[in-house]
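# Chain and residue survey
Letter by letter, the chains look like this.
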Amino acid sequence: MSASDEFTVEDISTTIDAPSDDQIFRVDEDQGEHHDHHVDGHDSAVAAQAPPMQSSSSEGQGQGEGSAFSSPSMSKKPLLLSIVPSNVAARRATPWMSRTPNFLTPLGSPIRRAIRLTKLDPQDAWLPITESRNGNAYYAAFHTLCSGIGMQALVLPVSFTVLGWTWGTICLTVAFIWQLYTLWLLVMLHESTETGMRYSRYLQLFRATFGDKMAKIFAIFPIYYLSGGTCVALIIVGGSSMKLFFEIVCGHECTAKPLTTVEWYLVFTSAAVLLSQLPNLNSIAGVSLIGAITAIGYCTIMWLVAVTEGRLDGVSYDPKRENSNTAMIFSVLNSLGIIAFAFKGHNLILEIQATMPSSEKKPSHVPMWRGVKVAYLMVAMCLFPLAIGGYWAYGHMIPPNGGMLTAIYQYHGRDTSQWVLSLTSLFVVINAVSSFQIFGMPMFDDMESKYIKRMNKPCPWWLRSISRAMFGYGCFFVAVAIPFLGSFAGLIGGISIPITFVYPSLLWLKIKKPKKYSIMWCLNWGLGLLGTALCIILIAAGVYVVIDTGIQVSFFKPQ
């Protein structure tokens, strides 16, 4: 322990050598505590006999349980304190109990005196999300930006064809502010002063708040879909962009035999699996940075090309009208679903924040929110020009499938530099490979947690490599076997929307319990109910679209 960590009892705390390497504690005594709360030997003995609070597992099972704030590798400074009685004899008789976290509770607070024995959970040090706790605001910005901008943003101009200029811009702005607010809620809910727990995973927070049964019904599928389903979509987009990049670079007179679509999917998957061998979430910070840069790059190139090339002939901005009122309503709802689904990545926020150290003076939500603000400033600078500029250039002629990506090659494939087109395709490929890592990390964490829970030891490197390869090639099989999965995007998107727009508000109401009829109470109840209604309506609209338009079933025949 360094000299800077040593204090005297008269000042703030007394440093005591821990009994083991995995449990390092610091003895703390508030200066003013002896004035009002004198502890004698009898009280100390009673406290010593109090049963210890059990720590929760890495999956956060149980409600109201004590938990690990960190693994031994979380931080360079001790995170657990102990209250020492003022009586010397009682202090000697008190065993290693009365431990309470120092990263949130103030010195001498009732919470600190009430919580007993919060143990370190060694399993957190063995899982890829919490294996390294050396993250910072820069890493948070990289991860958030990489997960916040995706291919779903390229179809935003399609929603404007139904909503029009005014309502399209209003809905996009409201959705952006709404999801930014729920993002703030999740960041602030990561650390709990009541239970003394860091919720390092979205599912863990949901399970601890609403129980295991509710989590299985309402949370597991949308959370895992946003991870596994996004990885499947990235294989389809990345493999197709690889094929397009090869065709542009090779040219029309190329004599090389091109690969089939399935083979390009396999090439992309192999690259993603190779990169997935990086051990933990902090280790892919550089990968997320590259993914964020390329996402900004292809979004900027697309709207710049669309604006500089000018509007197409015959462009119309009048909102599309359907033959019946029912079809018109569902068309509007589908447009709202496109805007809502453009903002995903909330299922990764708690995981990203879990990579940061946390202390009493520097809680993790401070650097996390700083990184999120920078990231979403960049997200706004990409999404709004992309939606408004794309709709201005193409109007109703924007392709509904593929959006801006298809429009660039369809309308400007000949009059735009081939170098610009190839660079755009390359950026899409690199971003897809990078995004695969961060969206796949919760799945890697879940797979390894099952082994750790059963064997009570770290997952060996060879088993970790095999499991990640199996996940990657499993996603490849789904992408090849069910290429029409995108036809259900509206339906499945409606199911996953609560992760962003509904659950954070309900979690805040359940955990923080704001005063009835206060601003926070009214705001979160309003957003929670509105989001729930929107989710139900969008699911109904998705079912209607699937039934009305039909689906071209073509197993193992990707285009």
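Criteria and thresholds
Sequence order sets the numbering: in each chain, residues are counted from 1 along the sequence as written. Per-residue local features of the predicted model are confined to residues with pLDDT of at least 70, and side-chain atom pairs are confined, for both listing and counting, to 80 or more; whole-chain, interface and lining totals are unaffected and use all residues. Remark: hydrogens and water are excluded; side-chain values derive from all non-hydrogen atoms of the structure. Only DSSP runs of H or I with at least four residues qualify as helices, and only runs of E with at least two residues qualify as strands; both kinds are numbered from the N terminus onward. Using a 1.4 Å probe on the protein chains alone, a residue whose accessible area is under 20% of its type maximum counts as buried, one over 50% counts as exposed, and one in between counts as partly exposed. The contact criterion used is simple: two residues touch if any of their non-hydrogen atoms lie within 4.5 Å. Multiplying 1.5 Å by the residue count of a helix minus one yields the expected span of that helix. To obtain the bend at a residue, axes are fitted to the seven residues ending there and to the seven starting there, and the angle between these axes is taken. What makes a nonpolar core is a set of buried Ala, Val, Leu, Ile, Met, Phe, Trp, Tyr and Cys residues whose side-chain atoms join them at distances within 4.5 Å. A patch consists of residues exposed above 30% relative accessible area that lack any salt bridge, with like charges linked at up to 9 Å and nonpolar side chains (Val, Leu, Ile, Met, Phe, Trp, Tyr) linked at up to 5 Å. Here the open area of atoms and residues is found with the Shrake-Rupley method and a 1.4 Å probe, where only the protein chains shown may cover a residue. In the sections that follow, a salt bridge refers to a side-chain nitrogen of Lys or Arg positioned within 4 Å of a carboxyl oxygen of Asp or Glu.

## Some details on the overall build of the protein chain
The helix and strand tally for the protein chain stands at 21 helices and six strands. By the burial criterion, 52% of the 559 residues in the protein chain qualify as buried. A sequence separation of at least 24 residues applies to 79% of the contacts in the protein chain between residues at least 6 apart.

## Thoughts on the environment of C299
The topology assignment puts C299 in helix α11 (residues 285-309). We classify C299 as buried; its relative accessible area is 0%. Taking the C-alpha atoms as reference points, C299 and L386, 87 residues apart in sequence, are found 6.7 Å from one another.

## Overview of helix α6 (residues 156-189)
For α6, which comprises 34 residues, the first-to-last C-alpha distance of 30 Å sits more than 12% below the rise-based estimate of 50 Å (1.5 Å per residue). Helix geometry: α6 is bent most strongly at G164, by close to 120°.

## Focus on the nonpolar core
The biggest cluster of nonpolar side chains holds 120 residues, and the ones touching the most others in it are Y298, M302 and Y394. Excluding anything up to four places from it in sequence, Y394 contacts A306, L312, V315, M404, A407, I408, Y411 and H412.

## Remarks on a nonpolar patch on the surface
Judged by side-chain polarity, W165, V307, I388 and W392 come together as a nonpolar surface patch covering roughly 300 Å² of accessible area. What makes W392 partly exposed here is its relative accessible area of 32%.

## Here we look at the pattern of salt bridges
One pass over the structure, following the stated rule, counts nine salt bridges. The salt bridge partner of D124 is R133, with a shortest N-O separation of 3.6 Å. Across the pair, exposure class does not vary: D124 and R133 are buried alike. Across the pair D446 and K450 runs a salt bridge whose closest N-O atoms are separated by 2.8 Å. Of this pair, D446 and K450 are both found in helix α16 (residues 418-455), four residues apart, which corresponds to roughly one turn of the helix. For K450, a relative accessible area of 49% corresponds to the partly exposed category.

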